[in-house]
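# A look at the structure
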Amino acid sequence: MRKKLLVGNWKMNKNVLEAKEFVLNAKEIFEFAFANELEIGIAPTYLCLETVKNNALKKLLVLSQNVHCEDKGAFTGEVSAKMLKSINVDGSIIGHSERRMYDNETSLKCNKKIKVLLDNELMPIYCVGENQQEFDDNLTKEVIGKQIQEGLKDLKEEELSRVVIAYEPIWSIGTGKNASCEIAQDVCNFIRNQVAKLSYNASLQVRILYGGSVNPNNIKNYLFQNDIDGALVGGASLQVESFSKMVHALID
Ligand code: PGA
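Structure report, in brief. (Residues numbered from 1 in each chain as written. Predicted model: local features only at pLDDT ≥ 70, side-chain atom pairs only at ≥ 80, totals over all residues. Heavy atoms only, no water.)

## A look at the overall build of the protein
What counts, and what does not: By definition, any uninterrupted DSSP run of H or I lasting at least four residues is a helix, any uninterrupted run of E lasting at least two residues is a strand, and each is numbered from the N terminus. Here the radius of gyration uses the C-alpha set of atoms, whereas the globule reference equals 2.2 Å times the residue count to the power 0.38. Whether two residues are in contact is decided by their heavy atoms, any of which lying within 4.5 Å being enough. Note that His is not counted, nor are the chain ends; the positive residues are Lys and Arg, and the negative ones are Asp and Glu. We put the charge of a Lys on NZ, of an Arg on CZ, of an Asp on CG and of a Glu on CD.
In terms of regular secondary structure, the protein is built from 13 helices and 8 strands. For the protein, whose C-alpha radius of gyration is 17 Å, the value lies close to the compact-globule estimate of 18 Å for 252 residues. Principal axes of the C-alpha set define a box for the protein whose edges measure 45 × 45 × 35 Å. Put simply, of all contacts in the protein between residues at least 6 apart along the chain, 70% involve residues at least 24 apart. Averaging the coordinates of the 30 positive side-chain charges in the protein and doing the same for the 33 negative ones gives two points 3 Å apart.

## What about the site of the ligand?
The criterion, for reference: Here a residue is considered near a molecule or strand provided that any single heavy atom belonging to it is located within 4 Å of it. N or O atoms closer than or at 3.5 Å make up a polar contact, with two conditions inside protein: a donor-capable atom paired with an acceptor-capable one, and, for residues adjacent in sequence, both atoms drawn from side chains. For accessible areas, the Shrake-Rupley method is used with a probe of radius 1.4 Å. Any residue's cover is judged against the shown protein chains and nothing else. A cavity here means a set of points on a 1 Å grid, drawn over the protein atoms and nothing else, where a 1.4 Å probe fits but cannot get out; a pocket is an open set with protein on both sides within 12 Å along at least five of seven lines, and a residue lines either one if it has an atom within 4 Å of a point. Cavities and pockets are treated as containing a molecule whenever more than half of the molecule's atoms lie within 2 Å of their grid points. Note on residue categories: nonpolar means Ala, Val, Leu, Ile, Met, Phe, Trp, Tyr, Cys or Pro, charged means Asp, Glu, Lys or Arg, and polar means any other residue, Gly included.
What surrounds the ligand is a group of 13 residues, the closest being Lys11, His96, Glu168, Gly174 and Ser213. Contact between the ligand and histidine 96: an oxygen atom at 2.7 Å from a side-chain N or O atom of the residue. Contact between the ligand and glutamate 168: an oxygen atom at 2.7 Å from a side-chain N or O atom of the residue. In the complex, the protein chains occlude 94% of the 280 Å² of accessible area that the ligand would expose alone. With respect to the pocket detection grid, the ligand is positioned in the second largest pocket. Class assignment of the residues belonging to the shell around the ligand gives a composition of 3 nonpolar, 8 polar and 2 charged.

## Topic: the layout of surface pockets
We apply this condition: Grid points are joined across faces, edges and corners, and a volume is the space filled by probe spheres set on the points.
By volume, the largest pocket amounts to about 550 Å³. Lining the largest pocket are 22 residues, and of these Tyr46, Gln65, Asn66, Arg99 and Asp103 sit closest to its centre. Here the element with the most residues in the lining of the largest pocket is helix H5 (residues 97–102); it accounts for 3 residues. Residue composition of the lining of the largest pocket, by class: 7 nonpolar, 7 polar and 8 charged. Looking at side-chain class alone, the lining of the second largest pocket contains 7 nonpolar, 11 polar and 3 charged residues.

## Let's talk about the packing of helix H6 (residues 107–119) against helix H8 (residues 140–151)
What counts is decided by this rule: Lines fitted to C-alpha atoms define the axes, with helix axes restricted to the stretch in contact, and inter-axis angles between N-to-C directions lie between 0 and 180 degrees. Roughly parallel here means an angle under 35 degrees, roughly antiparallel means over 145, roughly perpendicular means 65 to 115, and every remaining angle is called oblique. A crossing counts as left-handed when the near helix is turned anticlockwise from the far one by less than a right angle, and as right-handed when that turn is clockwise.
Between H6 and H8, whose axes approach to 7 Å, the crossing angle comes to 40°. Compared by their axis directions, H6 and H8 come out oblique. Crossing of H6 against H8: the hand is right-handed. Facing Ser107, Leu108, Asn111 and Ile114 of H6, the residues of H8 in contact are Gln147, Glu150 and Gly151.

## Focus: the packing of H8 against helix H10 (residues 181–198)
To characterise two packed helices, one gives the angle between the axes of the helices and the distance between these axes. Packing of H8 against H10 leaves a shortest axis separation of 10 Å and a crossing angle of 40°. Read as a crossing pair, H8 and H10 show a hand that is right-handed. Here Thr140, Lys141, Ile144, Gly145 and Ile148 of H8 lie close against H10, whose contacting residues are Asp186, Val187, Phe190, Ile191 and Gln194.

## Some remarks on the nonpolar core
Which entries qualify depends on this criterion: As used in this record, nonpolar core signifies buried Ala, Val, Leu, Ile, Met, Phe, Trp, Tyr and Cys residues forming a set joined through side-chain atoms within 4.5 Å. For the exposure calls, accessible area comes from a 1.4 Å probe over protein chains only, and a residue counts as buried if that area is under 20% of its type's maximum, exposed if over 50%, partly exposed in between.
Residues Phe30, Ile40, Leu60 and Leu152 are the most contacted members of the largest nonpolar core, which totals 67 residues. Considering each element in turn, this core owes the most residues, 7 residues, to H10. What phenylalanine 30 contacts, discounting residues up to four positions off in sequence, is Phe22, Val23, Ile40, Ile42, Leu57, Leu60 and Phe243. Counting 13 residues, the second-largest nonpolar core is a separate cluster that includes Leu5, Ile125, Cys127 and Val164.

## Some words on helix H13 (residues 240–251)
Convention followed: Multiplying 1.5 Å by the helix residue count minus one yields the expected span of that helix.
With 12 residues, H13 ought to run about 16 Å at 1.5 Å a step, and its terminal C-alpha atoms sit 16 Å apart, in line with that. Buried within H13 are the following residues: Ser242, Phe243, Ser244, Met246, Val247 and Ala249. Tucked inside the fold, the buried residues of H13 contact strand E1 (5–9), helix H1 (16–25), helix H2 (27–35), strand E2 (39–43), helix H12 (219–223) and strand E8 (230–233).

## So, empty space enclosed by the protein
Within this structure, the stated rule accounts for 1 cavity of 30 Å³ or more. Approximately 40 Å³ is the volume attributed to the largest cavity. If you trace the largest cavity, you find it lined by Gly95, Ser97, Arg100, Cys127, Val128, Gly129, Gln147, Glu168 and Ile170. Elements that contribute at least two residues to the lining of the largest cavity include exactly H5 and strand E5 (123–128). Along the lines of polarity and charge, the residues of the lining of the largest cavity split into 3 nonpolar, 4 polar and 2 charged.

Written as structure tokens, this is what we have:
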């Protein structure tokens, strides 16, 4: 059985004090989630990783929002997987559309990052998704098929099964225009079938999240879909109250 996973992507929000305040105030809701077999992850900025790690319950997955594919060297502004590992970070978001858009992150570059994370026993959350134009032109599956093929290139079955994939249609991120459950399920099913072409066994284990304007009112519908194992949430993950409402929506 694939364990459900709810991940908050804080993007460039919250300083160290605010991050600490959040995790301390969210302790009870995290405990409630863990007691009910719901896995929770938080992806703060690099600056807040240690604070979140040190102030939260052990079971909370703490993730970075990016990683560099080399271990060390002359890469100004970058952080390696080994460095993340050294402060007990659990994984990293890779290929978020904002990084693809503003930082020229390609799927092939993501492939290297995914491999280095897996080599360091860290969890990659690999984001894929089409933009509005591609959606309108009916190119969603073509775009995502390519992102999956390139991003997951040359991974062994055991490695593939440790990857989490997040389907985030770009047109739904931060817009309030969330994809319908039917669209989200259809694309997540397509993603699982793409993984099955690489390894059938891995496709049964790989967790696929939906992301894009998820909130306490719509989260439950997504999580009831066969191929959706969780959610990657931006805006609605920033306040303890809405985070808590999402957890309750999934468990109550
Ligand atoms: P959103 O962001 O929930 O604010 O739409 C999701 C994301 O970018 O991961």
